[in-house]
Structure formats: structure tokens, C-alpha cells
Amino acid sequence: EVQLVESGGGLVQPGGSLRLSCAASGFTFSSYWMDWVRQTPGKGLECVAIINQDGSEKYYADSVKGRFTISRDNTKNSLYLQLNGLRADDTAVYFCARDVRWGYFDYWGQGTGVTVSS
Amino acid sequence: EIVMTQTPLSLSVTPGQPASMSCKSSHSLLHSDGKTYLHWYLQKAGQSPQVLIYEVSSRVSGVPDRISGSGSGTDFTLKISRVEAEDVGVYYCMQGLHHRTFGPGTKVDLK
């Protein structure tokens, strides 16, 4: 059974940092692109970062470019999102998703919440 | 950036009646490989989104055939032939051609 389990969310002050993790199981992790998608009440769903199978290609939404970093460790079947320079508008639920191809997300995690507030 | 719009934003449907919703993209979603990377997701209350339709019209396993997708280029439609209680939620279209962009969603509920 395919499972994606996010962790690492929490409350952080503006300007702070967090590292989100997504533990994958039930499939060959190294064969898939992976994405981080966030959901806010105000802006809906936004794909913030994408990474290819071996980590050599990474893409970011303009809203997070230069502040967030996506990475993966295929030996640990894990996906990561480093969030730096956090702002109030980064407050969201962050999901990891398996990207079959070109945005076809066939599995999603349950999400981890990030709240940026002083 | 490709911008996605959806109409209507809200739809109230009598069970057993049809429903239709539109999704438009600011640029054609047709790739040079001949495929069009427009997908539909449904998010039910308290759940993560789930894919219903990928590449305009390919239904995911387990999705009933009363749900169908169509369209091309920049204009797409999701139709439900007979709405049931399990169809309630927010439907999002998403383009995967250039980065990934979601539409604002169409919220479907029952009358």
C-alpha cells in the first residue's frame, strides 16, 4: 500500500525556519517525481516545489523561490522541504504528493500544518 | 505563469441531477508530445485532494463512469451525469504543463 506521511509542521515566528519531511512507503520512491503542495484558505492550492527522481531537477513557485528548498533522500525514501525566511502568508497545510507525470498526483499525504505568527 | 479559472465557484445540485463545471487556462495545455496536461481533483471535507481525471479525460480506477472530463487547448469541462452524496466537495482543475497551477475550485453541495 502506498503511503505518504508528512511531519515537521508547527508554529514558528516570522523569519524563522522549519524542515518538513515526507516519509514514503509501498512503492519504489526513486522512480517518481515528487511535489510539495500547500493549501491556504485565502489562496487555495499551490504547488510550491517539484523534484525529479534523482534530485537533479528542482522547480519552485515564484512565491517561495530563494526561501524554500526541496530535496530527497532515496536511500531513506524521504522527501524534504526546508522553509526559511517564513512569512505570515506561508501559513498553510503542506502536502507531499507523488507525481506520476506532469502534475498527475495519484497519491497525497495527509498534510502537516505550518503556522507563522509572533 | 499559466492562470487557471473555474466557473461556477459554487454549485448546488439536486441528487440524481446532472452537474457541469468549466475550467479555462490562460495558455494552451497541449504539449508537443500530443498530450494535454489538465487534471481534475476532488477534495472532500477534511481530506486530502484525490485525483479523478488525468490528461483531460482519463478516469482514474475506481472513479464512477458518471464522472467524465472533456475539452482541449484552453477550455475544459467536468461533468457528473447524476450527482450523488459522495460527489460533494470542491473540484479543482490543475495544469501540469508549466510548473503546476490549480484553479480556485468549484464547490459542489446538495440541495
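Scope of this entry: the structure provided in the associated data block. (Residues numbered from 1 in each chain as written. Chains lettered and ligands numbered in written order. Predicted model: local features only at pLDDT ≥ 70, side-chain atom pairs only at ≥ 80, totals over all residues. Heavy atoms only, no water.)

### Quick notes on the overall build of chain A
Helices and strands together make up the secondary structure of chain A, namely 0 helices and 11 strands. If you list the helices and strands of chain A from N to C, you get β-β-β-β-β-β-β-β-β-β-β. Against the 2.2 N^0.38 benchmark of 13 Å for 118 residues, chain A shows a C-alpha radius of gyration of 13 Å, consistent with a compact globule. Taken along its principal axes, the extent of the C-alpha atoms in chain A is 40 × 25 × 25 Å. Of all 118 residues assigned to chain A, the portion counted as buried reaches 49%. Considering only intrachain contacts with a sequence separation of at least 6, the fraction spanning at least 24 residues in chain A is 52%. Positive and negative side-chain charges of chain A, numbering 11 and 12 respectively, have mean locations separated by a distance of 4 Å. (Helix = DSSP H or I, 4+ residues; strand = E, 2+ residues; numbered from the N terminus. Rg over C-alpha atoms; globule rule 2.2 N^0.38 Å. Buried < 20%, exposed > 50% of the residue type's maximum accessible area, 1.4 Å probe, protein only. Contact = heavy atoms within 4.5 Å. Lys, Arg positive; Asp, Glu negative; His and termini not counted. Charge placed at Lys NZ, Arg CZ, Asp CG, Glu CD.)

### So, the interface of chain A and chain B
Contacts between the two partners involve 21 residues from chain A and, on the opposite side, 19 residues from chain B. Here chain A and chain B share an interface that buries about 1700 Å² over both sides, 59% of which is from carbon and sulfur atoms. Considering only the side of chain A, the residues that lose the most area to chain B are Leu-45, Trp-102 and Tyr-104 of chain A, jointly responsible for 42% of the buried surface there. Across the chain A-chain B interface, the total number found is 3 salt bridges. A salt bridge links Glu-55 of chain B to Arg-101 of chain A, with the nearest nitrogen and oxygen atoms 2.6 Å apart. Counting across the interface, chain A meets chain B through 11 residue pairs in polar contact (both at pLDDT 80 or more). Broken down by class, the residue content of the side of chain A that touches chain B amounts to 12 nonpolar, 4 polar and 5 charged. (Buried area = accessible area lost by both parts, 1.4 Å probe. Salt bridge = Lys/Arg side-chain N within 4 Å of Asp/Glu carboxyl O. Polar contact = N/O pair within 3.5 Å; in protein donor to acceptor, adjacent residues only side chain to side chain. Nonpolar A, V, L, I, M, F, W, Y, C, P; charged D, E, K, R; others polar.)

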